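# Structural overview
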Amino acid sequence: VFSTTGLSYATDFSFGEELSFGLPPWDPKGKELFDLDDPSLHVDKWNTPTLFIHGGLDYRCTIDQSLAGFTALRRRGIESRFMYFPDENHWILKPANSIKWYDTVFEWLDEHTGHTAA
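Everything quoted here is computed from the prediction, not taken from an experiment.

## Some remarks on helix 5 (residues 95–113)
In this model helix 5 runs 27 Å from its N-terminal to its C-terminal C-alpha over 19 residues, within 8% of the 27 Å that 1.5 Å per residue would give. Within helix 5 the residues assigned to the buried category are N97, S98, T104, V105 and W108. Seen from one end, helix 5 has its buried residues packed into an arc of 130°, which puts them on one side. Turned more than 90 degrees off the buried face of helix 5, the exposed positions are P95, A96 and I99. Buried positions along helix 5 lie against strand 1 (50–55) and strand 2 (80–85).

What follows is the structure, given as structure tokens:
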């Protein structure tokens with residue numbers, strides 16, 4: 001999630017954040033609560049290389065969230081990678097896609113932890 005407020009307007013589970021925060025984002029107190037947990041308000045403190053993986057059929061966490069996080073890191077000169085599966089949902093389940101997902105995740109971890117997957 002890049003923006004808790006942005007996601008609350010874009011997701012198919014639009015009342016989910018309201019359940020978490022107790023108020024909608026347009027309520028002044030609700031906005032204050034949403035902002036406390038909003039990663040987009042802290043991009044200036046981000047410094048961790050990040051791999052973003054997104055399914056094009058994921059309506060729970062919409063693609064704008066992944067693209068915004070990816071773009072924010074790239075604009076700050078922090079290594080990031082974006083992997084997109086247009087035919088997948090929140091979970092990457094098709095066999096060929098799943099293999100690509102695991103290969104990419106383990107490669108990323110190997111590169112950034114110094115460990116080699118067994």
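## A word on a nonpolar patch on the surface
The grouping of I63, L67 and Y84 at the surface amounts to a nonpolar patch, some 240 Å² of accessible area in total. On the secondary structure map, L67 appears in helix 4 (residues 63–75).

## A short note on the layout of surface pockets
If a probe as big as a water molecule is rolled over the atoms, it shows which places are left empty. By volume, the largest pocket amounts to about 260 Å³. Surrounding the largest pocket, 16 residues form its lining, L51, F52, I53, H54 and S66 being those nearest its centre. Contributing elements (two or more residues each) for the lining of the largest pocket: strand 1 and helix 4. Residue contributions to the lining of the largest pocket peak at five residues, all from strand 1.

## Notes on the side chain of Q65
Counting through the fold element by element, Q65 comes out in helix 4. Within the structure, the side chain of Q65 is placed 2.7 Å from the backbone nitrogen of F2, a separation counted as a polar contact. Once residues lying within four places of it in the same chain are set aside, the contact partners of Q65 are V1, F2, S3, G6 and L7.

What counts and what doesn't
Within each chain, residue numbers correspond to sequence positions counted from 1 in written order. It should be noted that, the model being predicted, local features are given only for residues of pLDDT at least 70 and side-chain atom pairs only at 80 or more, the latter also being counted only at that level, while totals for whole chains, interfaces and linings use all residues. Hydrogens and water molecules were not included; the side-chain quantities draw on all heavy atoms of the structure. Helix and strand definitions follow DSSP, with helices as H or I runs of at least four residues and strands as E runs of at least two, each counted in order from the N terminus. Helices are assigned an expected span. That span is 1.5 Å times one less than the residue count. Burial classes: relative accessible area under 20% of the type maximum marks a residue as buried, over 50% as exposed, and values in between as partly exposed (1.4 Å probe, protein chains only). This arc describes the spread of directions from the helix axis toward the C-beta atoms. By definition in these notes, contact holds between two residues if any of their heavy atoms fall within 4.5 Å. The patches reported here contain residues having more than 30% relative accessible area and no salt bridge. Joining distances are 9 Å for like charges and 5 Å for nonpolar side chains (Val, Leu, Ile, Met, Phe, Trp, Tyr). Surface exposure here means Shrake-Rupley accessible area, sampled with a 1.4 Å probe, where a residue is shielded only by the protein chains that are shown. When a carboxyl oxygen of Asp or Glu is within 4 Å of a side-chain nitrogen of Lys or Arg, the pair counts as a salt bridge. Of the grid points, spaced at 1 Å and generated over the protein atoms alone, those admitting a 1.4 Å probe that cannot get out make up cavities, while open sets with protein on both sides within 12 Å along at least five of seven lines make up pockets; any residue with an atom within 4 Å of a point is treated as lining. Grid points are joined across faces, edges and corners, and a volume is the space filled by probe spheres set on the points. Throughout this description, a polar contact denotes any pair of N or O atoms lying within 3.5 Å of each other; where both atoms belong to protein, one of them has to be capable of donating a hydrogen while the other can accept it, and for residues adjacent in sequence the pair is counted only when both atoms sit in side chains.

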